Amino acid sequence: AVVSTQSTGADIKTTVESSKVAHNGKLVLESYNERMLVLQGIVHSCDISSATKSLPIYRAWTEKIIEEFFQQGDRERELGLPISPMCDRCNPSIEKSQVGFIDFIVLPLWETLGELMFPFCQEMLNQLNENRNYYFNRIPESPRCSISDPPSEQERNNLSAVSEKRKNSRGKIAELDEKMSDLSSIEEESFASDST
């Protein structure tokens, strides 16, 4: 399904770009196959559109899908089969999987549709980027065995330490930005006095 999604998105992008080149920047879908490809892309974009919804809705869908994946992994474990990617409840990568899902599956297709239907998809593209950032910023905070398991005392301490490091890093970055700004103003003043 992932390969199919990626090729559908790439095929639509190629079709759209080729049409624009051939028709001075205008989209003209001359053949039945071109029109069907774009329509299939629109239907498929609806199928994977949970990532374009508001964060509470997207998180709810993510939890349901991840739980379905975990159940598949549990069954594979019971049968002694290798556990499929993203299906291992004891080695979750929920945040990473969502960032990858958005980066490689959802975003390329929605960007192409955004070009086709500008400006009607812009709000969804904005939400998609917000959702991606939400999960991206939580990647290091995903050590639990299940999305429904509360974090242990040690995990809470680790998360607090990570949060504290992030705060310190942000403070240091802000200090560096301020120093750089001060240096820039000194250089500008020096340049202004040299040129007069």
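Right above here is the structure, for reference.
In this text the structure is predicted, and so the values were computed from the model without any measurement.

Draft legend 1. Broad picture of the environment of Ala10. Residue placement: Ala10 occurs in helix α1 (residues 2–22). With a relative accessible area of 39%, Ala10 lands in the partly exposed category. Between the C-alpha atoms of Ala10 and Thr112, which are 102 residues apart in sequence, the distance is 9.0 Å.

Draft legend 2. Layout of the packing of aromatic side chains. Here the structure, examined in full by the defined rule, presents two aromatic pairs. Seen in terms of ring centroids, Tyr58 and Tyr135 are 5.5 Å apart; in terms of plane orientation they differ by 85 degrees. Their pairing is edge-to-face. Of this pair, Tyr58 sits in helix α3 (residues 55–78) while Tyr135 is found in helix α5 (residues 122–136), placing the two residues 77 residues apart along the sequence. Neither Tyr58 nor Tyr135 differs from the other in exposure class; each is buried. Relative to Tyr135, the ring of Tyr134 has its centre 5.0 Å away and its plane inclined at 90 degrees; by these criteria the two rings are edge-to-face. A single burial state applies to Tyr134 and to Tyr135, both of which are buried. An aromatic cluster is present here, built from Tyr58, Tyr134 and Tyr135 joined pairwise through their rings.

Draft legend 3. A look at the environment of Leu116. Within the secondary structure layout, Leu116 lies in helix α4 (residues 94–116). Owing to a relative accessible area of 23%, Leu116 belongs among the partly exposed residues under this scheme. Beyond its immediate chain neighbours, meaning those up to four positions away, Leu116 contacts Val16, Leu27 and Val38.

Reading guide: rules and limits
Residues numbered from 1 in each chain as written. Predicted model: local features only at pLDDT ≥ 70, side-chain atom pairs only at ≥ 80, totals over all residues. Heavy atoms only, no water. Helix = DSSP H or I, 4+ residues; strand = E, 2+ residues; numbered from the N terminus. Buried < 20%, exposed > 50% of the residue type's maximum accessible area, 1.4 Å probe, protein only. Phe/Tyr/Trp six-rings, centres within 6.5 Å; stacked < 30°, edge-to-face > 60°. Contact = heavy atoms within 4.5 Å.

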